[in-house]
Amino acid sequence: MRVLVAGGGISGTVTAMALKLAGHDPVVFEAYASGGEDIGAFLTIMHNGMDALRAIGADGPVIDASFAAHGVELVLPTGETAGRRDFETEGLDGPRTVTRATLYRVLQDEATRRGVTLVHGRRLTGAKTGPGGVTAEFADGTTEAGDVLIGADGLHSVVRRLIDPAAAEPRFTGLTVVYGYTRAPGLPSAPGIYRMVRGSKAAFGFTTDPSGATFWFARVPDEERPRAEIAAVTPDGWREFAHAAFAGEPLPCADIIAATGDEVFGGHSYDVPETRVWSTPEMVLIGDAAHAASPASAQGASMALEDSVVLAQCLRDRPDPASAFEAYEGLRRERVEKLVAAGAGQNVADGTDWLYSHHIDWDAKIGG
Ligand SMILES: Cc1cc2nc3c(=O)[nH]c(=O)nc-3n(C[C@H](O)[C@H](O)[C@H](O)COP(=O)(O)OP(=O)(O)OC[C@H]3O[C@@H](n4cnc5c(N)ncnc54)[C@H](O)[C@@H]3O)c2cc1C
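A short tour of the structure in this document, coming up.

Criteria and cut-off values
- Residues numbered from 1 in each chain as written.
- Predicted model: local features only at pLDDT ≥ 70, side-chain atom pairs only at ≥ 80, totals over all residues.
- Heavy atoms only, no water.
- Helix = DSSP H or I, 4+ residues; strand = E, 2+ residues; numbered from the N terminus.
- Rg over C-alpha atoms; globule rule 2.2 N^0.38 Å.
- Buried < 20%, exposed > 50% of the residue type's maximum accessible area, 1.4 Å probe, protein only.
- Areas by Shrake-Rupley, 256 points an atom, 1.4 Å probe, with all protein chains shown as cover.
- Lys, Arg positive; Asp, Glu negative; His and termini not counted.
- Charge placed at Lys NZ, Arg CZ, Asp CG, Glu CD.
- Near = heavy atom within 4 Å.
- Polar contact = N/O pair within 3.5 Å; in protein donor to acceptor, adjacent residues only side chain to side chain.
- Nonpolar A, V, L, I, M, F, W, Y, C, P; charged D, E, K, R; others polar.
- Expected span 1.5 Å × (residues − 1).
- Contact = heavy atoms within 4.5 Å.
- Phe/Tyr/Trp six-rings, centres within 6.5 Å; stacked < 30°, edge-to-face > 60°.

Here we take up the overall build of the protein chain. Each helix and strand in the protein chain was counted, giving 12 helices and 18 strands. For 368 residues, the compact-globule formula gives about 21 Å, and the C-alpha radius of gyration of the protein chain, at 20 Å, lands near that figure. In terms of overall dimensions, the protein chain has C-alpha extents of about 65 × 45 × 35 Å along its principal axes. For the protein chain, the proportion of its 368 residues judged to be buried stands at 55%. For the protein chain, the accessible area works out to roughly 15200 Å², and carbon and sulfur atoms hold 51% of it. The averaged location of the 49 negative side-chain charges in the protein chain is 1 Å from the averaged location of its 32 positive side-chain charges.

What follows is the structure, encoded as structure tokens:
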């Protein structure tokens, strides 16, 4: 089956690799000439996301390109440590921290190495369906024919609107997230751990990579501003915005932010709590296109990875795409909507066993 995949991010590349293993012929179309959106951020892949990668033997390159964190330490506004939670790691990989740019590159390289065709600079704008399958339309005026189209095109998915023109738009979570990297000496260090700080106005987290660089993020309650205005903010502007949220507090956050150069990026955070329709007989949604979680959940990438492997299993085992999409939604919807709801309340850290211990057996057959 020729499978068109819109989006060469996390779910697009991994779905394509899994489909290739399942004996299908995937082609991935990525809008950007290289990389993708929000490329400055870093993210953490939790145990369940690493398990999904391992199911198709794609965990190795991600482990090589990332570094481990073994727990989270909570720091009070006074600077005292309020508690520590160690991640259960026995027999499980994770969590692994990696920049989004590196993760995209690693997954795209691995997909290409496995024989997946991945085309950059092709932005999907529309699709027509008929008895022979689907014809995808691109911004450059070209078209591509396939049996099915997978919408792995992220938060602002075009495929979501093609499937259901009335689909809900992403919802602003009320948070603006700023990310930064610094190698400045003399800063507090957090190797192998995430140190999370609750300031009076905003939350801050940081970790130290094996080379000594500090990776930090600030989650700042904010009003929603137009996308163009957010896109125009400079590194200086983001640094000042984040610094203002912690200035004057007895915490290391402001020092870390002030010691950061131009490697600082920011943006509003959105979620997609419910997408009523996930598929038609020829098109299906995956990852953020179907269900984006707040970055506060630290699970969006891991859920996208789970989706990718499960969708490929369904397309391998079910007799036709429509029944594969139905089986996929049956296996995924409840779990991902529970996660998005927990992320919106930012209480994902409570009782995480249902999240982390999830296991995918690639050889298990997906029944009807
Ligand atoms: C700032 C930030 C921090 C985050 N931190 C974490 C974290 O710590 N842990 C975690 O698990 N998750 C995190 N997430 C969420 C995580 O990044 C997403 O859930 C994950 O990337 C979803 O993967 P995806 O493949 O569905 O979408 P994406 O990774 O966004 O990939 C979508 C791809 O589709 C491409 N595309 C878009 N439109 C089109 C089109 N029309 N045609 C062709 N291609 C198109 C895009 O360029 C992109 O490459 C974070 C998200 C953000 C924004």
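The rest of the description comes next.
Contacts to the ligand come from 34 residues, most closely from Ser11, Glu30, Tyr104, Tyr179 and Asp288. One of the side-chain nitrogen or oxygen atoms of Glu30 is found 2.6 Å away from an oxygen atom of the ligand. Here a nitrogen atom of the ligand sits 3.1 Å away from a polar atom, N or O, in the main chain of Ala31. When the ligand is considered free in solution it has 990 Å² of accessible area, and contact with the protein chains removes 92% of it. Contributing elements (two or more residues each) for the shell around the ligand: α1 (10–21), β2 (25–30), β3 (42–45), α4 (100–113) and α10 (300–317). Per element, the largest residue contribution to the shell around the ligand is 4 residues, and it comes from α10. Its residues placed into classes, the shell around the ligand shows 16 nonpolar, 10 polar and 8 charged.

Take helix α7 (residues 235–246) next. Taking 1.5 Å of rise per residue, 12 residues should cover 16 Å, and α7 covers 17 Å from first to last C-alpha, within 8% of that figure. Among the structural elements, β13 (171–182), β15 (203–208), β16 (214–221), α6 (227–231), α8 (253–258) and β17 (264–271) are those in contact with the buried residues of α7. Looking one or two places after α7, you find Gly248, whose phi comes out positive at around 85°.

Bringing the environment of Glu144 into the picture now. Take Glu144: it is sitting in strand β11 (residues 143–146). At a separation of 3.3 Å, a polar atom in the side chain of Glu144 contacts the side chain of Arg122.

What describes a pair of aromatic rings is the distance from one ring centre to the other and the angle between the planes of the rings. Inspection of every chain in the model, using the stated rule, returns 15 aromatic pairs. Ring geometry for Phe172 against Tyr270: centres 5.8 Å apart, planes inclined by 55°, an arrangement best described as tilted. Remark: Tyr270 occurs in strand β17 and Phe172 occurs in strand β13; sequence separation between them is 98 residues. For Tyr270, a relative accessible area of 13% translates into the label buried. Between Trp238 and Phe241, the ring centres sit 5.8 Å apart and the planes meet at 90°, which makes this aromatic pair edge-to-face. Residue Trp238 and its partner Phe241 are located together in helix α7, separated by 3 residues, close to a single helical turn.

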